[in-house]
Amino acid sequence: MAAVAEDKKKISAWRALGMALGNRKTGFMLLFGFASGLPFALFLGTLFAWLTEAEVDLETMGIFSLIGLAYAFQFLWSPLIDKVNIPVLRRLGRRKQWIVPMQLVLGAILITMSVLEPRTQLGWFSLLAGIGAFASATQDIAINAWRIDVADERATIDILSTVYQMGYRLSSLVGGALGLIIAARIGWPETYALMGVILLGVGFIGLWAPNASENAADVATESERQVRALRHAGELEPAIRNRALALVALLWAGAIGIVLTFMIMSMTYAPEDRPNPTEFTVNVGPWIIVATIILPALIAGWLASKKRRGEHLLTADEEPASGGNYILDHLYRALVLPLVEFVGRMGWSLVLILAVVLTYRICDAIWGTFAYPFYLGELDYTNDDVAFASKFFGVGAIIAGLALGGLLLTTIGRMATLLIGGILAALTNLLYADMAVGGYYMEAFSGAIGFTYLIEQVPGIGDADLAKLTITIAFENLAIGIAGAAYIAWLSSIVSKKFSAVQYALLSSLTLLVGTLGRGALGEMIENQGYYDVFILTTWIGLGAAVLVCIEWYRESRSRANSGVVAPEAGQAVAPAE
């Protein structure tokens, strides 16, 4: 009987997966994922190849590294995406009012850039690239929130998160390796014009994307209701809220001011006087995270504790605020309430959640910077070797990993997949450790399964050395795909739909923090001890993250049991918190 029940469960999971993949929301999620990844590839990767071919000097080219700041600090304007409705465009829906216009703006920018000459019109070129990066980062905030908002029993958050990443990875291939190939044949201006037309098409098709279950026309009403609820009995007194708001607003204003000052200095100062973007990210970036996330979270915890203990609460409903108080209530709802809701809902378990966020993707976040120096410098592979193993075969492997991750999410559940992905991602560091000392085991394994023979059939570059690099990258990317699918699904599941844009942007930005802090230390360790010791260290860090996932899994199970909720079976949807 138990075997029959297990078979029925598997059949149900497969049926749920099939229904989800055929869902209209899933199709638009793939499209939005593609639109999210394409500008990132074009502005932060392929663009430098165009500038190099146009003979723009490296010092001048350094200004374009500022573009990355738009993605790194996108959480700074995420409250606007959650709170502000655009006149007229609000009819498209709470998230689409931001997604569709940004896609159309991006398409127009790429087409405009295609008619400019980078060397002689660098000012306009860099301005458009900067605006494009800002629009792209804004689109990312809204798309992540849309994914969380529209998730339901058929198009689950697990499947939507997996499909989003598939679209993102495909666009990275289109905007990266394929973009280089196209440009070599038709030219850079034509290539960017083509990419711009693609984004314009995505924006047009996006008009028909479904909205969340709530009526799009009532979004402003819901926001107003949340603000008015702040004056109901049992809520915190306005005086207490305003003190917290003043502190948080001061911290956020200071952080935004620092970023803007840095960008103005970088755009207007002489090349020799410009601040270094890498040093800014390493030295100032963590403090911006502290000012906009860590300290506001502590303030939110203080407010949540006041409310939980029944201190400084309104004893009766007050009249709706007006004038200056009305503005303060709206600012509180945009800046502070998302954190108060999250901290109040999670309590002390927030420490565990932050520990998982800071460690789970640490290897992936740090390693990307040192991958090419390792392949090209340490292992002496050629550009063609690395392009084949990483860009073509590797992208296929990561998409396969995402597909496998989506299947595991549906069949065995989110936390089990998160654990498996974390362990596999950690263990693949041992494969690189072997490569660092000669790759004997990887070469033997590749030959034993016949993979070396297949790679040797590749004209011009195929040999045993390429085979062991390719299979190592393939295993790593397969693990990253599984771990990435589970991680994004888990992160999406713990935020509230009411504040999805702010909460998701804040949590995901912490990966930037650990990656930024870790790169300097890892680079120094590579210089002093070599790559082998680094890969052993990152293996242990990854396994430590897997232990934290086990604890988080236990916490979630206990939380459901204590609240009387039966833990869902694999394949069933778990909606993000309301």
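This one's a predicted model, so the numbers in the text were calculated from it and none came from an experiment. (Residues numbered from 1 in each chain as written. Predicted model: local features only at pLDDT ≥ 70, side-chain atom pairs only at ≥ 80, totals over all residues. Heavy atoms only, no water.)

## Quick notes on the overall build of the protein chain
Secondary structure assignment for the protein chain yields 24 helices and zero strands. In the protein chain, buried positions account for 52% of the 578 residues. In the protein chain, of all internal contacts separated by at least 6 residues, the share reaching a separation of at least 24 is 83%. Carbon and sulfur atoms make up 65% of the accessible area of the protein chain, which totals about 25200 Å². (Helix = DSSP H or I, 4+ residues; strand = E, 2+ residues; numbered from the N terminus. Buried < 20%, exposed > 50% of the residue type's maximum accessible area, 1.4 Å probe, protein only. Contact = heavy atoms within 4.5 Å. Areas by Shrake-Rupley, 256 points an atom, 1.4 Å probe, with all protein chains shown as cover.)

## Considering the pattern of salt bridges
Applying the stated criterion to the full structure yields 15 salt bridges. Lys306 is the salt-bridge partner of Glu311, the closest N and O atoms lying 3.2 Å from each other. Assessed through its relative accessible area of 27%, Glu311 is described here as partly exposed. Note that Glu311 is salt-bridged to Arg309, the shortest N-O span being 3.1 Å. What makes Arg309 exposed here is its relative accessible area of 53%. Each member of the salt-bridge network shares a partner with another, and the members are Asp82, Arg94, Arg95 and Asp149. (Salt bridge = Lys/Arg side-chain N within 4 Å of Asp/Glu carboxyl O.)

## Some words on helix H16 (residues 349-360)
In a regular helix each residue adds 1.5 Å, so twelve residues correspond to 16 Å; H16 covers 16 Å between its end C-alpha atoms and thus fits that length. What H16 keeps buried is the set Ser349, Leu350, Leu352, Ile353, Val356, Val357 and Tyr360. Down the axis of H16, the smallest arc covering the buried residues is 160°, so these residues share one side. (Expected span 1.5 Å × (residues − 1). Arc of directions from axis to C-beta.)

## Focus: a nonpolar patch on the surface
On the surface, Val105, Trp124, Leu127 and Ile131 cluster together into a nonpolar patch covering about 380 Å² of accessible area. Broken down by element, the nonpolar patch gets its largest block of residues, three residues, from helix H7 (residues 122-150). You can see Val105 is positioned in helix H6 (residues 96-114). The exposure class assigned to Val105 is partly exposed, which follows from its relative accessible area of 33%. (Patch = residues over 30% accessible without salt bridge, like charges linked within 9 Å, V, L, I, M, F, W, Y side chains within 5 Å.)

## What about the packing of aromatic side chains?
Note on aromatic pairs: each is described by the distance of the centres and the angle between the planes. The full count for this structure, using the stated rule, is 23 aromatic pairs. With 6.3 Å between their ring centres and 10° between their planes, Trp50 and Trp188 make a pair best called stacked. Within this pair, whereas Trp50 is found in helix H2 (residues 24-53), its partner Trp188 is found in helix H9 (residues 188-205), the two being separated by 138 residues in sequence. According to the relative accessible area criterion, Trp50 is buried, its value standing at 4%. For Trp188, a relative accessible area of 5% puts it in the buried group. Aromatic ring contacts, followed pair by pair, group Phe374, Tyr375, Tyr432, Tyr531 and Phe535 into a single cluster. Positioned above the aromatic ring of Tyr504 is the side chain of Arg147, whose terminal nitrogen or guanidinium carbon lies 5.2 Å from the ring centre. (Phe/Tyr/Trp six-rings, centres within 6.5 Å; stacked < 30°, edge-to-face > 60°. Lys NZ or Arg CZ within 6 Å of the ring centre and 35° of its normal.)

## Observations concerning the nonpolar core
Counting residues in hydrophobic clusters, the biggest one holds 117 residues, and the most contacted among them are Phe43, Leu47, Phe73, Phe75, Tyr332, Trp490 and Ile494. In terms of residue count, the dominant contributor to this core is H7 (14 residues). Ignoring sequence-local partners within four residues, the contact set of Ile494 consists of Phe342, Arg345, Met346, Ile353, Leu507 and Glu556. Among the nonpolar cores identified, the runner-up in size contains 26 residues, and Phe388, Ile473, Ile526 and Tyr531 belong to it. (Core = buried A, V, L, I, M, F, W, Y, C linked by side-chain atoms within 4.5 Å.)

## Observations regarding the side chain of Asp329
Mapped onto the elements, Asp329 comes out in helix H14 (residues 323-335). Residue classification places Asp329 among the buried residues on the basis of a relative accessible area of 2%. Here the side chain of Asp329 touches Arg231 through a polar contact of 2.9 Å, side chain to side chain. Among the polar contacts made by the side chain of Asp329, one reaches the side chain of Arg241 at a distance of 3.1 Å. Among residues more than four places away in sequence, those in contact with Asp329 are Val227, Leu230, Arg231, Arg241 and Ala321. (Polar contact = N/O pair within 3.5 Å; in protein donor to acceptor, adjacent residues only side chain to side chain.)

## Here's the deal with the packing of H16 against helix H24 (residues 531-562)
In the contact formed by H16 and H24, the axes pass within 9 Å of each other and the chain directions differ by 145°. As for how H16 packs across H24, the hand of that crossing is left-handed. Contacts from Ser349, Leu352, Ile353, Ala355, Val356, Thr359 and Tyr360 in H16 reach Ala545, Leu548, Val549, Ile551, Glu552 and Arg555 in H24. Grouping the amino acids of the contact of H16 with H24 by side-chain chemistry returns nine nonpolar, two polar and two charged. (Axes fitted to C-alpha atoms, helices over the stretch in contact; angles between N-to-C directions. Left-handed = near helix turned anticlockwise from the far one by under 90°. Nonpolar A, V, L, I, M, F, W, Y, C, P; charged D, E, K, R; others polar.)

## Here we look at the confidence of the model for the protein chain
Looking at the protein chain as a whole, the pLDDT averages 82, with 86% of positions reaching at least 70. Mean pLDDT in the protein chain bottoms out at helix H1 (residues 2-21), which sits at 49, and peaks at H6, which reaches 94. Segment residues 1-11: pLDDT under 50, and one contact once partners within four positions in sequence are set aside and those in other chains are kept. Below a pLDDT of 50 lies the segment residues 566-575, which in the model reaches 18 contacts outside its immediate sequence neighbourhood of four places, other chains included. (pLDDT = per-residue confidence, 0-100.)

## Points about unusual backbone geometry
Of note in the backbone geometry, Val88 takes a positive phi value of approximately 70° without being a glycine. Structurally, Val88 can be placed in the loop between helix H5 (78-83) and H6. We classify Val88 as exposed; its relative accessible area is 65%. Residues other than glycine seldom take positive phi values, yet His312 does so here, at roughly 55°. Summarising the element assignment, His312 is placed in the loop between helix H13 (285-309) and H14. Since its relative accessible area comes to 36%, His312 is described here as partly exposed.

## Overview of helix H15 (residues 337-346)
For H15, the tally of buried residues reaches eight of ten residues, placing the bulk of the element in the interior. Residues of H15 that are buried: Leu337, Pro338, Leu339, Val340, Glu341, Phe342, Val343 and Met346.

## What about the environment of Lys497?
As for its placement among the helices and strands, Lys497 is situated in the loop between helix H22 (464-493) and helix H23 (500-529). Among the residues examined, Lys497 registers a relative accessible area of 14% and is labelled buried. Residues Lys497 and Arg147, spaced 350 residues apart in sequence, show a C-alpha to C-alpha distance of 9.9 Å. A polar contact of 3.2 Å, which involves the side chain of Lys497, links it to the backbone oxygen of Ala151.

## Considerations on the environment of Glu443
Along the chain, the position of Glu443 falls in helix H20 (residues 440-448). For Glu443, the contacting residues outside a window of four places in its chain are Thr452, Ala464 and Lys468.

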